[in-house]
Amino acid sequence: MSASGTATVRAVTVIRTSPPGFQAPYTLAVVADAHGTSLRLVDPPLTHLEPGDEVTLIGDDVATPLTTSGS
Amino acid sequence: MVSIGMESEGGRDLVIAGSAMTRFGRHPEAGPVELAVQAAREAIDSAGLSPADVDTLYLGTFLGQSLHQQGVVASIVARRLGLGPVPTSVVEGACASGGIALRHGVLSCRSGSAETALCVGVEHLTGFSTEAVTGGLAEAFELGGDRGSGLTFPGFFGLVASEHQARYGTDREEMAAVTVKNRAHAEGSPIAMFDAPVSVEQVVSSRPIADPLCLYDCSPISDGAAAVVVTTRANAAGARERPVRILACEQASGATAISQVADLTTFEATTAAAGRAFAAAGVAPEELDVVELHDCFSIAEIVDCEDLGLLPRGEAAAAIADGATSFGGSQAVVNPSGGLLSRGHPVGATGLAQINELVRQLRGVAHRQVEGAELALAHNLGGTGATATVTVLAR
């Protein structure tokens, strides 16, 4: 999976009950590009995303919306 | 529905001679050891055996050590039961720990290293905060991988639901119909944690947990234990009720991180274990009369039905909502006990509680009886599909 560039959202959820060390709510997305799949924290945290939307990858952990079909 | 004439598991005629479970729910009066001993003692007694007849003990638990800080639980339970110096082992496969305990018992008896195996599953979670249990369950995610992103199990299955919706157009109300069905099955059950019916509207308007899943889409944090005695048919001659034949007990592993998964709407461990179990038992999915499967979340039952071959891929949600897997439906009845969503989900105990329900179904004494049930399947899933067991039983 790339550390930068764009990827497509495959699945998305908003976590409402968090494990220790995290502060809910926050959004996680499974994103895919030509190099593979990864789980990313969405920033801003409550952006409305849907499968098929495009995101920009930031480092190994974060994705930020590029296009959103739901907004 | 099917003529049972195939060879039993591994050539030895293995049976479940006895089974028992505690009620699942809140048990502030007892710890995990006490619950395990209670279920085990009742299972041995129902098998018409004594503790001295048990040759080995396998105990499935996931969070016993990390939350209760107690090791060697299997040996403690063996001592309390008076089993003597038999070999004991704790087995762990997250939510599939109970199913794995059963498989180890079957393998021991199949190999001839044991004549009688006691398989126990237990978990005690309600004495801890939701945050602590959520964090504990997240131990089934790889350290430094998905766990570092703040993923929870409701979150993981929320992602599964999201991809299933995108890939197959699965409707939110159809998803909720799984909970509605399973609550209806559990109505009035003496062993269910939740035995009151709910409506689709109540499910979709319950508190959001991890989008699109709401509270009633999720199995509850629970305490409880279940136990099963596996032995040869000859040793089961004194069983209080008819022994149930074990036709197959298979296990497989799968992805442990989302980066390994090309398709979140199927679990490789389930399809592999099911393929092996159907082959070993010599039966096909359409021959089954009754199924207890791993509905830890409403979406999980939909995926499980598709992975087990009970319903066509992408069509399970609509079929379940139409009543295909309810009593009187066109397919095997799925989760007549009410499943994890109603019975509760004390993680390590769940796989053996499924077996306990199917034993009762095949004996014709279940709370919600599938009439004429002859062939049954149990499916127990662990983690992100990291492990799964599939067991086929016959009357």
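First, a word on what this report is: a plain description of the structure on this page.

Reading the values: the criteria
- Residues numbered from 1 in each chain as written.
- Chains lettered and ligands numbered in written order.
- Predicted model: local features only at pLDDT ≥ 70, side-chain atom pairs only at ≥ 80, totals over all residues.
- Heavy atoms only, no water.
- Helix = DSSP H or I, 4+ residues; strand = E, 2+ residues; numbered from the N terminus.
- Rg over C-alpha atoms; globule rule 2.2 N^0.38 Å.
- Phe/Tyr/Trp six-rings, centres within 6.5 Å; stacked < 30°, edge-to-face > 60°.
- Buried < 20%, exposed > 50% of the residue type's maximum accessible area, 1.4 Å probe, protein only.
- Contact = heavy atoms within 4.5 Å.
- Buried area = accessible area lost by both parts, 1.4 Å probe.
- Salt bridge = Lys/Arg side-chain N within 4 Å of Asp/Glu carboxyl O.
- Polar contact = N/O pair within 3.5 Å; in protein donor to acceptor, adjacent residues only side chain to side chain.
- Pairing = 2+ DSSP bridges.
- Axes fitted to C-alpha atoms, helices over the stretch in contact; angles between N-to-C directions.
- Core = buried A, V, L, I, M, F, W, Y, C linked by side-chain atoms within 4.5 Å.
- Expected span 1.5 Å × (residues − 1).
- Parallel < 35°, antiparallel > 145°, perpendicular 65-115°, else oblique.
- Nonpolar A, V, L, I, M, F, W, Y, C, P; charged D, E, K, R; others polar.

1. Here we look at the overall build of chain A
Next up, step 1: Each helix and strand in chain A was counted, giving 0 helices and 5 strands.
Next up, step 2: Starting at the N terminus, the α and β elements of chain A follow one another as β-β-β-β-β.
Next up, step 3: For chain A, the C-alpha radius of gyration of 11 Å lies close to 11 Å, the compact-globule estimate for 71 residues.
Next up, step 4: Across its three principal directions, the C-alpha atoms of chain A cover 35 × 25 × 15 Å.

2. Describing the packing of aromatic side chains
All names here are of chain B.
Next up, step 1: According to the stated counting rule, one finds 8 aromatic pairs over all chains in the structure shown.
Next up, step 2: Arranged with centres 5.0 Å apart and planes meeting at 25°, the rings of Phe 157 and Phe 297 form a pair that is stacked. Of the two residues, Phe 157 sits in helix α6 (residues 153-168) while Phe 297 sits in the loop between β9 (290-292) and α10 (298-307), which places them 140 residues apart along the sequence.
Next up, step 3: Judged by its relative accessible area of 1%, Phe 157 falls in the buried class.

3. A look at the interface of chain B and chain A
The figure often quoted for interface size is the accessible area lost as the parts come together.
Next up, step 1: Between chain B and chain A, the residue contacts involve 28 residues of the former and 19 residues of the latter.
Next up, step 2: Regarding the contact of chain B and chain A, the summed buried area is about 1900 Å², with carbon and sulfur atoms giving 59% of it.
Next up, step 3: Seen at the junction of chain B and chain A, the total is 2 salt bridges.
Next up, step 4: Put simply, Arg16(A) and Asp211(B) hold a salt bridge, and the shortest N to O gap is 3.0 Å.
Next up, step 5: Linking chain B with chain A are 9 residue pairs in polar contact (both at pLDDT 80 or more), by the criterion used here.

4. A closer look at the pairing of strand β1 (residues 4-15) of chain A
Residue and element names in this part refer to chain A.
Next up, step 1: Inspection of the sheet shows β1 paired to strand β4 (residues 54-58) by 5 bridges, in the antiparallel sense. When the bridges of β4 are listed, Thr 6 appears paired with Thr 56.
Next up, step 2: Relative to strand β2 (residues 26-33), β1 runs antiparallel, the two sharing 7 bridges. Bridging across to β2, Ala 11 finds its partner in Val 30.

5. A closer look at the side chain of Ser38(A)
Residue and element names in this part refer to chain A.
Next up, step 1: Assignment of secondary structure puts Ser 38 in strand β3 (residues 36-42).
Next up, step 2: For Ser 38, a relative accessible area of 9% gives the class buried.
Next up, step 3: A distance of 3.0 Å separates the side chain of Ser 38 from the side chain of Arg 40, its partner in a polar contact.
Next up, step 4: In contact with Ser 38, other than residues within four places in its own chain, are Met 1, Ala 29, Val 30 and Val 31.

6. Notes on the sheet that holds strand β7 (residues 223-232) of chain B
All names here are of chain B.
Next up, step 1: Strand order in the open sheet formed by 10 strands is β3-β2-β4-β7-β1-β8-β12-β11-β9-β10, and the pairing between neighbours is mixed. Of all the strands in the sheet, the pair left with one neighbour each is β3 (88-91) and β10 (333-334).
Next up, step 2: One ladder, built from 9 bridges, connects strand β4 (residues 116-124) with β7; its direction is antiparallel. Bridge pairing links His 124 to Asp 223 in β7.
Next up, step 3: The sheet strands contacting helix α1 (residues 32-46) are β1 (14-21), β2 (56-60), β4 and β7, and the helix crosses β7 at an angle near 35°.

7. With respect to the nonpolar core
All names here are of chain B.
Next up, step 1: Counting 74 residues, the largest nonpolar core has Phe 156, Phe 157, Ile 299 and Val 392 as its most contacted members.
Next up, step 2: In this view, Ile 299 contacts Phe 157, Val 160, Ala 161, His 164, Met 175 and Leu 213; residues no more than four positions away in its chain are not counted.
Next up, step 3: The next biggest cluster of nonpolar side chains, apart from the first, holds 32 residues, and it includes Ala 30, Val 73, Ala 74 and Val 77.

8. Structural notes on the pattern of salt bridges
Oppositely charged side chains may form a pair once their charged atoms are brought near each other.
Next up, step 1: Applying the stated rule across the entire model yields 13 salt bridges over all chains.
Next up, step 2: The closest approach of N and O atoms between Asp13(B) and Arg233(B), which form a salt bridge, is 3.0 Å. In this pair, Asp13(B) is assigned in the segment before β1 and Arg233(B) in the loop between β7 and β8 (244-253), connecting sequence segments 220 residues apart.
Next up, step 3: With a relative accessible area of 36%, Arg233(B) lands in the partly exposed category.
Next up, step 4: Counted as one network, the salt bridges with shared partners bring together Arg10(A), Glu163(B), Arg167(B) and Asp263(B).

9. Looking at helix α4 (residues 97-111) of chain B
Residues and elements named next belong to chain B.
Next up, step 1: Over its 15 residues, α4 runs 21 Å from end to end, which matches the ideal 21 Å to within 8%, given 1.5 Å per residue.
Next up, step 2: Of all 15 residues in α4, 11 are buried, a share of seventy percent or more.
Next up, step 3: Every buried residue of α4 is accounted for by Ser 97, Gly 98, Gly 99, Ile 100, Ala 101, Leu 102, Arg 103, Gly 105, Val 106, Ser 108 and Cys 109.
Next up, step 4: Count one or two residues on from α4 and you reach Gly 112, which has phi positive near 90°.

10. A word on the packing of α4(B) against helix α13 (residues 350-363) of chain B
Residues and elements named next belong to chain B.
Next up, step 1: Interhelical geometry of α4 versus α13 gives an angle of 70° and a closest axis separation of 5 Å. Taken together, the axis directions place α4 and α13 in an arrangement best described as roughly perpendicular. Residues Gly 98, Gly 99 and Leu 102 of α4 lie in contact with α13, whose contacting residues are Gly 351, Leu 352 and Ile 355.
Next up, step 2: Its residues placed into classes, the contact of α4 with α13 shows 3 nonpolar, 3 polar and no charged.

11. Some words on the pairing of β1(B)
Residues and elements named next belong to chain B.
Next up, step 1: For β1, the buried fraction is high: 8 of the 8 residues fall into the buried class.
Next up, step 2: Inspection of the sheet shows β1 paired to β7 by 7 bridges, in the antiparallel sense. Looking at β7, one finds that Leu 14 is bridged to Thr 232.

The values are spatial; any link to function lies outside them.
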